[in-house]
Amino acid sequence: MLPQRRRSLRFASTWHDQSVRDIVAFFRQYPQVLVLLIICLVLGLGTFFAVIFGLLTAHSSTTTGEPSGSIGTLVATARAVAHARA
């Protein structure tokens, strides 16, 4: 049974290596796709961190224009998580 398991693990590793090679080959063939992917990742992460930072630094938990207080709940949850990690 052990040789069968080793064979299946070797196949999975080969399949993973081949898919990584395919992705690398695709990005080498179309470098503009890689540039767009990097731009989207940077902008997406920047937006995510800006929203989280804005929620954590908001001084007022009672602001206007929020649908059913969901932002206030999110702020309270984010502060609780930040306080628990500190």
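All values reported here derive from a predicted model rather than from experimental measurement. Every residue gets a number counted from 1 within its own chain, in the order that chain's sequence is written. For a predicted model such as this one, the threshold for reporting local features is a pLDDT of at least 70, and the threshold for listing and counting side-chain atom pairs is 80 or more; totals across whole chains, interfaces and linings nevertheless cover every residue. Only hydrogens and water are set aside; all other atoms, that is, all heavy atoms of the structure, feed into the side-chain values.

What should I look at first to understand the overall build of the protein in this one?
Numbering of helices and strands runs from the N terminus; a helix is a DSSP stretch of H or I covering at least four residues, while a strand is a stretch of E covering at least two. Helix and strand counts for the protein come out as three helices and zero strands. Buried means the residue's accessible area, taken with a 1.4 Å probe over protein chains only, is under 20% of the maximum for its type, while exposed means over 50%, and partly exposed covers the values in between. When burial is assessed residue by residue, the protein has 3% of its 86 residues classed as buried. Reported accessibility uses the Shrake-Rupley method at a 1.4 Å probe radius. Residues are deemed covered only where the shown protein chains occlude them. Total accessible area on the protein stands at roughly 7600 Å², and carbon and sulfur atoms take up 70% of it.

Any chance you could explain the packing of aromatic side chains here in plain terms?
Each pair of aromatic rings is reported with the distance of its centres and the angle of its planes. Here is the rule: rings of Phe, Tyr and Trp (six-membered ring for Trp) pair when centre to centre is within 6.5 Å. Planes less than 30 degrees apart are stacked, more than 60 are edge-to-face, and the remainder are tilted. Within this structure, the stated rule accounts for three aromatic pairs. Measuring from ring centre to ring centre gives 5.1 Å for Phe26 and Tyr30, while their planes differ by 50°; the resulting arrangement is tilted. Through a chain of ring-to-ring contacts, three or more aromatic side chains come together here, namely Phe26, Phe27 and Tyr30.

Teacher, can you tell me more about a nonpolar patch on the surface here?
Within the patch definition used here, like charges are joined within 9 Å and nonpolar side chains (Val, Leu, Ile, Met, Phe, Trp, Tyr) within 5 Å, considering only residues with over 30% relative accessible area and no salt bridge. Between Lys or Arg on one side and Asp or Glu on the other, a salt bridge is scored when a side-chain nitrogen of the former is within 4 Å of a carboxyl oxygen of the latter. Residues Leu34, Leu37, Ile38, Leu41 and Val42 make up a contiguous nonpolar surface patch of about 430 Å² in total accessible area. You can see Ile38 is positioned in helix H2 (residues 31–57).

Just checking my understanding: could you explain the confidence of the model for the protein for this structure?
As a note on interpretation, predicted positions should not be read in detail where pLDDT is low. For the protein, the average pLDDT comes to 80, and 70% of its residues sit at 70 or higher. Ranking the elements of the protein by mean pLDDT puts helix H1 (residues 2–29) last, at 74, and H2 first, at 92. Per-residue confidence from the prediction method is given by pLDDT, with values spanning 0 to 100.

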